[in-house]
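Residue-level listing of the chains:
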Amino acid sequence: AKSAGRNQIAFFEGNMQTEVEHRLTLERDLTKALELNELQMVMQAQVNDAGVAVGAELLMRWHHKGRGMVSPAVFIPLAEESGLIVKMGDWVLQEACRILKQLQSAGHYFSLSINVSPKQFRQKDFVDKVTATLATQGVDGNYLIFEVTEGLFIDNLQETIARMSKLSDLGIRFSIDDFGTGYSSLNYLKRLPLYELKIDKSFVQDIPGDANDTAIVGSILSMARQFGLKVVAEGVETVEQANYLIANDCDSMQGFLYSRPIAPELWISQHAQEQTA
Ligand code: C2E
Ligand code: CA
Ligand code: CA
Ligand code: CA
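The structure reproduced in this document is the subject of the present report. This one's a predicted model, so the numbers in the text were calculated from it and none came from an experiment. (Residues numbered from 1 in each chain as written. Chains lettered and ligands numbered in written order. Predicted model: local features only at pLDDT ≥ 70, side-chain atom pairs only at ≥ 80, totals over all residues. Heavy atoms only, no water.)

1. Quick word on the coordination of the calcium ion (ligand 4)
Surrounding the calcium ion (ligand 4) are the protein donor atoms Asp-177 (OD) and Asp-178 (OD), which sit 2.7 to 3.2 Å from the metal. In this model, the calcium ion (ligand 4) sits 4.5 Å from the calcium ion (ligand 2), the two metals being bridged by Asp-177. Residue classification places Asp-178 among the partly exposed residues on the basis of a relative accessible area of 24%. (Donors = N, O, S within 2.8 Å, 3.2 Å for Na, K, Ca; no water. Buried < 20%, exposed > 50% of the residue type's maximum accessible area, 1.4 Å probe, protein only.)

Here's what the structure looks like:
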């Protein structure tokens, strides 16, 4: 039993070592991913109760030359810890502008949501960067929504609000991503220049069967209404979930039920002849 235990420890340590090596290799590769054109933005539509696209979220994909697809659940945290997310975030904004123009020339005038990480948001020159990118790309900020998480509001709330206001002046709107999963001091809701709450898929998954989750989703919807905020539900996979959300006046739905995240070019070709607003 004792030697088996020792073997187990040795095995475990060996595993941890490869995991650390693996992480370092991935991090090094991620540094080069941008130049190697391994990163790509895919788009997932957000639809209204009639199933019409009223917006879309852009999500990052990493096609590693040797390893194939690496999950965002793996490389986004890595990018955040290493600080690489700042450079990647700059690129995401540029891509968003490019895709927006592509959509508009195909007749689709809806907003694109991008994920903005706290590190990216907290750069001193973030507002200047965004201003410059919009100007260079000739894009109207009214077509951009920044998804931020509750973590952004933990400290320096005053400064965060000031920065959000400056970005709002450019037309940019704010959505709270993964709403309800973080440090929900609801106190900040009334102080922030917000447009939308985004219900996390963990709450959507088991509605309407699970009474607790259904109560949470219902509360978010009624609270948003009272604050004058829009609500988008993510991770909508079933007709039952969609029906519950629609019956409770959820503004838009995003999930596999409607569409997987796909290349914008593909979405455009699938929606040729349609005009969406
Ligand atoms: P998120 O912002 O909460 O994005 C929603 C995730 O749910 C996405 O995972 C999306 O592909 C997935 N999803 C969409 N519909 C469904 C559904 O019906 N069922 C299920 N089970 N999942 C669904 P993804 O693309 O793997 O991204 C994971 C996370 O990585 C994102 O979570 C976001 O936090 C982060 N991320 C992705 N792209 C970016 C980016 O460009 N910048 C930053 N900072 N973070 C990003
Ligand atoms: Ca998001
Ligand atoms: Ca989420
Ligand atoms: Ca998120």
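2. Side note on the site of ligand 1
If you check the shell around ligand 1, you find 22 residues, and the closest are Gln-44, Arg-61, Lys-201, Glu-237 and Phe-256. The separation between an oxygen atom of ligand 1 and a polar side-chain atom of Glu-57 is 3.4 Å. Within the complex, the protein chains bury 83% of what would otherwise be the 800 Å² of accessible surface of ligand 1. Those elements that provide at least two residues to the shell around ligand 1 are strand E1 (39–47), strand E2 (53–64), helix H2 (72–82), helix H3 (85–105) and strand E6 (173–179). It is E2 that contributes the most residues to the shell around ligand 1, 4 residues altogether. Per-class residue counts for the shell around ligand 1 are 10 nonpolar, 5 polar and 7 charged. (Near = heavy atom within 4 Å. Polar contact = N/O pair within 3.5 Å; in protein donor to acceptor, adjacent residues only side chain to side chain. Areas by Shrake-Rupley, 256 points an atom, 1.4 Å probe, with all protein chains shown as cover. Helix = DSSP H or I, 4+ residues; strand = E, 2+ residues; numbered from the N terminus. Nonpolar A, V, L, I, M, F, W, Y, C, P; charged D, E, K, R; others polar.)

3. Focus on the pattern of salt bridges
Counted according to the given criterion, the structure contains 7 salt bridges. For Glu-81, the salt bridge identified is with Arg-23, shortest N-O distance 2.9 Å. Of this pair, Glu-81 sits in helix H2 while Arg-23 sits in helix H1 (residues 2–33), and the two are 58 residues apart along the sequence. For Glu-81, a relative accessible area of 51% gives the class exposed. You can call Arg-23 partly exposed: its relative accessible area is 38%. (Salt bridge = Lys/Arg side-chain N within 4 Å of Asp/Glu carboxyl O.)

4. A closer look at helix H9 (residues 239–247)
When H9 is considered as a whole, its buried residues turn out to be Gln-241, Ala-242, Tyr-244 and Leu-245. One side of H9 holds all its buried residues, which, seen down the axis, span an arc of 165 degrees. The exposed residues of H9 that point more than 90 degrees off its buried face are Glu-240 and Ala-247. Backbone geometry just after H9 places Asp-249 at a positive phi near 65 degrees. (Arc of directions from axis to C-beta.)

5. Section: the coordination of the calcium ion (ligand 2)
For the calcium ion (ligand 2), every protein donor is listed as Glu-57 (OE), Asn-115 (OD1), Glu-147 (OE) and Asp-177 (OD), and the spread of their distances is 2.1 to 2.4 Å. Here the donor residues of the calcium ion (ligand 2) share one chain and are spaced in sequence as E-x57-N-x31-E-x29-D. The two metals, the calcium ion (ligand 2) and the calcium ion (ligand 3), are separated by 5.7 Å. Placement of the pair is Glu-147 in strand E5 (residues 144–149) and Asp-177 in strand E6, with a sequence separation of 30 residues. Exposure remark for Asp-177: the relative accessible area of 8% places this residue in the buried category.

6. Side note on the environment of Gln-94
Within the secondary structure layout, Gln-94 lies in helix H3. With 15 residues separating them along the chain, Gln-94 and Ala-79 place their C-alpha atoms 18 Å apart. Not counting residues up to four positions away in its chain, the partners in contact with Gln-94 are Thr-133 and Gln-137. (Contact = heavy atoms within 4.5 Å.)

7. Some details on the packing of H3 against helix H5 (residues 126–137)
Where H3 meets H5, the closest approach of the two axes is 10 Å, and the angle between their N-to-C directions is 30 degrees. Classified by the angle between their axes, H3 and H5 sit roughly parallel to one another. The interaxial crossing formed by H3 with H5 has right-handed handedness. Touching Val-86, Asp-90, Leu-93, Gln-94, Cys-97, Arg-98 and Lys-101 of H3 are Lys-129, Val-130, Thr-133, Leu-134 and Gln-137, all from H5. Of the residues contributing to the contact of H3 with H5, the split by class is 5 nonpolar, 3 polar and 4 charged. (Axes fitted to C-alpha atoms, helices over the stretch in contact; angles between N-to-C directions. Parallel < 35°, antiparallel > 145°, perpendicular 65-115°, else oblique. Left-handed = near helix turned anticlockwise from the far one by under 90°.)

8. With respect to H3
Here H3 contains 21 residues, and its C-alpha end-to-end distance of 30 Å stays within 8% of the 30 Å for a straight helix at 1.5 Å per residue. Positioned one or two residues after H3, Gly-107 has a phi angle of 95 degrees, which is positive. (Expected span 1.5 Å × (residues − 1).)

9. What about the side chain of Asp-29?
On the secondary structure map, Asp-29 appears in helix H1. Of the buried charged residues, Asp-29 lacks a salt bridge, with Arg-28 as the closest side chain of opposite charge at 4.1 Å. A distance of 2.6 Å separates a polar atom in the side chain of Asp-29 from a polar atom in the side chain of His-64. Not counting chain neighbours up to four residues away, the residues in contact with Asp-29 comprise Trp-62, His-64 and Arg-67. (Lys, Arg positive; Asp, Glu negative; His and termini not counted.)

10. Structural notes on the environment of Phe-126
Mapped onto the elements, Phe-126 comes out in helix H5. Assessed through its relative accessible area of 2%, Phe-126 is described here as buried. Spatially, the C-alpha atom of Phe-126 lies 35 Å from that of Gln-270, the residues being 144 residues apart in sequence. What Phe-126 contacts, discounting residues up to four positions off in sequence, is Val-116, Gln-120, Phe-121, Phe-146, Arg-163 and Leu-167.

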